[in-house]
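Structure at a glance
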Amino acid sequence: MTMTTYENILTAKEAVPGLAGINIGVVTLNRPKALNALCHDLMNELVDALTDFDKDDSIRVIVLTGSERAFAAGADIKEMSDETTVSIMSKDRFATWDRIRNIKKPIIAAISGYALGGGCELTMMCDIIIASESAQFGQPEISIGVIPGAGGTQRLTRAVGKYRAMELILTGRPFTANEALEMGLVNKVVPTELFLDEAKSMAYQISQKSPLALQLAKEAVLKSYDGTLSEGLQFERKNFYMLFSSEDQKEGMKAFIEKRKATFTGK
Ligand code: CAA
């Protein structure tokens, strides 16, 4: 398969030691000037790359990562700040994200630095999460006058329970890798210089297994977890889009761009 060149991500196929002809697929978010903020183009590229790896018979497991400083600092606020409810609904920005749910191969997230907002939500769309000790998670959307819009209210709640999710989403406070581990949100915390190696080593281990069994195991685990997730996501998206009618959304995003503290009025 020819490897496509992307602008906002890097992709690589890496041989699994001891398994001739078998690879892992590594996708690296690579938009450093915006701390890997998940703009529409980046998300399209990411979904295309994941879909290509999913179709590639030589690949058993996918590793998704960013840089040491940032996995992703969220959806792109600059891209969203002028949206209205009508415009954001008609673009249906997060529809691209839904396609990640169709990836059949296991995806291991290797997270270091910021995994905030959409970055935390993208992490939670993966199947296993390896974090560096310097990883910083959070759903800070409330501080810019909106709410998580790419699954955070549903997936964080399922992962850590209602009360912890409520606190994290209502305060928007960041939390450390060790706190995430203690809450059951990540599988393992390792020294920063090892986070990618650790994720790859787990990917090699899983690559030894039957690809068909892996696919059906992933599908079954997700089924148990899914429940009414689709309804929840629709609900969340409607609420997210609705906030683009508010002055607080305009003020929150504008204040971020102007590097000042937002003043919210509840309008
Ligand atoms: N969108 C767009 N640009 C972003 C961004 C984002 N989410 N996060 C960072 N950037 C940009 C900054 O604007 C800045 O660009 P300039 O150099 O052009 O000014 C650059 O990345 C570096 O960022 P900072 O100067 O802010 O770096 P810092 O080290 O001082 O702070 C940070 C880092 C704490 C992560 C801070 O950038 C921040 O708070 N980012 C926003 C986090 C956030 O609110 N995320 C949620 C987004 S909304 C969302 O994700 C909705 C959803 O549910 C899908």
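Scroll up for the structure.
All values derive from a computational prediction rather than experimental measurement. (Residues numbered from 1 in each chain as written. Predicted model: local features only at pLDDT ≥ 70, side-chain atom pairs only at ≥ 80, totals over all residues. Heavy atoms only, no water.)

**Section: unusual backbone geometry**
Using the following cut-off: Only DSSP runs of H or I covering at least 4 residues are called helices, and only runs of E covering at least 2 are called strands; the numbering of each starts at the N terminus. Under the scheme applied here, a residue whose accessible area is under 20% of the maximum for its type counts as buried, over 50% as exposed, and between as partly exposed, the area being computed with a 1.4 Å probe on protein chains only.
Even without being a glycine, D92 presents a positive backbone phi close to 45°. Note on placement: D92 falls in the loop between α3 (85-91) and α4 (95-98). For D92, a relative accessible area of 29% puts it in the partly exposed group. For K259, which is not glycine, the phi dihedral falls at a positive 55°. Looking at the secondary structure, you find K259 in the segment after α12 (247-257). Note on K259: relative accessible area 78%, which makes it exposed.

**Overview of the sheet that holds strand β7 (residues 128-132)**
Let me state the cut-off plainly: By the convention used here, strands pair only if DSSP detects at least 2 bridges between them. Between N-to-C directions, angles cover 0 to 180 degrees, with each direction set by a line fitted to C-alpha atoms, over the stretch in contact for helices.
Here we have six strands laid out as an open sheet, ordered β1-β2-β3-β5-β7-β10, and mixed in their pairing. In this open sheet, the two strands that pair with only one neighbour each are β1 (9-15) and β10 (188-190). In this sheet, neighbouring strand axes are inclined to one another by 20° on average, regardless of whether the strands run parallel or antiparallel. Relative to strand β3 (residues 59-65), strand β2 (residues 23-29) is paired through six bridges, and the arrangement is parallel. The partner of V27 across the bridge, within β3, is L64.

**As for the pattern of salt bridges**
Once their charged atoms are close, side chains differing in charge can pair, the charge on each being opposite to the other. Note the following rule: Each salt bridge in this description consists of a side-chain nitrogen of Lys or Arg and a carboxyl oxygen of Asp or Glu lying within 4 Å of one another.
The full count for this structure, using the stated rule, is 17 salt bridges. Across the salt bridge formed by E83 and R93, the nearest N and O atoms sit 2.7 Å from each other. On the criterion of sequence distance, the pair formed by E83 in the loop between α2 (77-80) and α3 and R93 in the loop between α3 and α4 is long-range, its members being 10 residues apart. On the accessibility criterion, R93 (10% relative accessible area) is buried. Close ionic contact of E251 with R260 constitutes a salt bridge, the shortest N to O distance being 2.9 Å.

**Describing the site of the ligand**
Rules: We call a residue near a molecule or strand whenever a single non-hydrogen atom of that residue lies within 4 Å of it. Counted as a polar contact is a pair of N or O atoms within 3.5 Å, where, for protein atoms, one must be capable of donating a hydrogen and the other of accepting one, and residues adjacent in sequence contribute only when both atoms are in side chains. Areas reported as accessible are Shrake-Rupley estimates using a 1.4 Å probe. Residue values count occlusion only from the protein chains shown. Under the grouping applied here, Gly and all other residues not named as nonpolar or charged are polar, the nonpolar ones being Ala, Val, Leu, Ile, Met, Phe, Trp, Tyr, Cys and Pro and the charged ones Asp, Glu, Lys and Arg.
In the vicinity of the ligand lie 26 residues, with A75, G118, E121, E141 and G149 positioned nearest. The backbone of K33 places a nitrogen or oxygen atom 3.5 Å from an oxygen atom of the ligand. Contact distances for the ligand include 2.9 Å between an oxygen atom and a side-chain N or O atom of R69. Surface burial for the ligand is 74%, taken as the share of its 980 Å² of free accessible area covered by protein chains. Taken together, the elements giving at least two residues each to the shell around the ligand come down to α2, β6 (114-116) and α5 (118-125). In terms of residue count, the dominant contributor to the shell around the ligand is α2 (three residues). Its residues assigned to classes, the shell around the ligand comprises 15 nonpolar, four polar and seven charged.

**Here we look at the environment of E7**
The condition is simple: We call two residues contacting when some pair of their heavy atoms lies within 4.5 Å.
With respect to the element layout, E7 can be found in the segment before β1. The exposed category is assigned to E7, whose relative accessible area is 69%. Sequence-wise, E7 and N187 are 180 residues apart; in three dimensions their C-alpha atoms are separated by 30 Å. Residues within four places of E7 in sequence aside, it is in contact with N30 and E45.

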